[in-house]
Amino acid sequence: MPSERWAELALHPVRIRILRAVAAAQLTTRDLVELLPDIAQATLYRHLATLVKAGLLDVVEERKVRGAVERVYALPAHGATLDPAALATATAEDHARYFTAFVSSLLPEFSRYLARERIDFAADGVGYHQLVLQLTDAELGQFAADLNALVGPLLANEPGGGRIPRLLATILMPADQPAATSDKTPTAETVDNSGATKGDD
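Residues numbered from 1 in each chain as written. Predicted model: local features only at pLDDT ≥ 70, side-chain atom pairs only at ≥ 80, totals over all residues. Heavy atoms only, no water.

Caption draft 1: Here's a closer look at the overall build of the chain. Summing up its helical and strand segments, the chain has eight helices and three strands in all. Across the 201 residues that make up the chain, the buried fraction comes to 19%. Restricting the contact set of the chain to residue pairs at least 6 apart, pairs at least 24 apart contribute 52%. If you sum the accessible surface of the chain, you get close to 15,200 Å²; carbon and sulfur atoms cover 56% of it. (Helix = DSSP H or I, 4+ residues; strand = E, 2+ residues; numbered from the N terminus. Buried < 20%, exposed > 50% of the residue type's maximum accessible area, 1.4 Å probe, protein only. Contact = heavy atoms within 4.5 Å. Areas by Shrake-Rupley, 256 points an atom, 1.4 Å probe, with all protein chains shown as cover.)

What follows is the structure, encoded as structure tokens:
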């Protein structure tokens, strides 16, 4: 499948939520309906069919339940993350669409959190902030390796055992360089009683 077609299919807000849910475990349609109650069932079924047809989801099992066939979905063995080749060859316009879809998918997630009966940012471990890190290319590479080493093992955690799904979204980009400043030390100007700055014509 062409990279741009793959991205257009995967980076739909509803499909992002489906893929994120299935990334944690193999799920039936009924499981997904319970996990994503705000998505109309007809809409959910339509997006599931689209993801399966595109090869972004696999049907790993089919069960007969009260005369109906219940499907069990899982991510393909190759995973369901945006192909690095698609990112490498994407245009600025492509990246604008991808990033907009990514950010848009976070807004409903945060809204659902805020709509809970009780929220506690500290206890729930919720936070959002920006940091500017001054890094050489080598330091950036080491940072990425250390982060992968920290997060990688946690991705294998199975649901249950008191675990709570926690969404971690990362954005890393170069920050604009600060504007150059003059080497001259600015001096304070004095004002005479007329209100004019000394040195004015």
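Caption draft 2: Region of interest: the pairing of strand β3 (residues 68–74). Pairing between strand β1 (residues 27–28) and β3: two bridges, direction antiparallel. Each bridged residue has a counterpart across the sheet, and for Thr28 the counterpart in β3 is Val72. In the sheet, strand β2 (residues 58–65) pairs with β3 via seven bridges, with the strands oriented antiparallel. Its bridge partner being in β3, Lys64 is matched across the sheet by Val69. Hairpin remark: β2 followed by β3, antiparallel, with two residues in the connecting loop; positive phi at Arg66, about 50°. (Pairing = 2+ DSSP bridges.)

Caption draft 3: Spatial organisation of the confidence of the model for the chain. Taken as a whole, the chain shows an average pLDDT of 79; of its residues, 75% reach a score of 70 or greater. For the chain, helix α1 (residues 3–10) is the element with the lowest average pLDDT, namely 59, and helix α8 (residues 137–151) is the one with the highest, namely 96. Of the regions scoring below 50 in pLDDT, residues 185–201 engages in six contacts with residues more than four places distant in sequence or in other chains. (pLDDT = per-residue confidence, 0-100.)

Caption draft 4: Spotlight on the nonpolar core. In terms of nonpolar packing, the biggest core is built from 16 residues, with Ile18, Leu32, Leu44, Leu48 and Leu57 touching the most fellow members. Secondary structure elements with two or more residues in this core: α2 (13–24) and α4 (41–54). No other element matches α2, which puts five residues into this core. Non-local contacts of Leu44, meaning those with residues more than four positions away in its chain, are made with Ile18, Leu32, Val33, Leu36 and Ile39. (Core = buried A, V, L, I, M, F, W, Y, C linked by side-chain atoms within 4.5 Å.)

Caption draft 5: Representation of the packing of aromatic side chains within the structure. Taken as a whole and assessed by the stated rule, the structure comprises four aromatic pairs. An angle of 35° between the planes, with centres 6.2 Å apart, marks the rings of Phe110 and Tyr113 as tilted. Here Phe110 pairs with Tyr113, and both are found in helix α6 (residues 92–114), just three residues apart, close to one helical turn. For Phe110, a relative accessible area of 31% corresponds to the partly exposed category. Ring geometry for Phe110 versus Tyr128: centroids 5.7 Å apart, planes at 85°, classification edge-to-face. One end of the pair, Phe110, is in helix α6; the other, Tyr128, is in the loop between α7 (121–124) and α8, and 18 residues separate them in sequence. With relative accessibility at 61%, the residue Tyr128 sits in the exposed group. In textbook terms, an aromatic cluster arises when at least three aromatic residues are bridged by ring pairs, as seen for Phe110, Tyr113, Phe121 and Tyr128. (Phe/Tyr/Trp six-rings, centres within 6.5 Å; stacked < 30°, edge-to-face > 60°.)

Caption draft 6: Representation of the sheet that holds β2 in the model. Overall, antiparallel pairing links the three strands, which are arranged β1-β3-β2 in an open sheet. Edge positions in the open sheet fall to β1 and β2, since each of these has one partner strand only.

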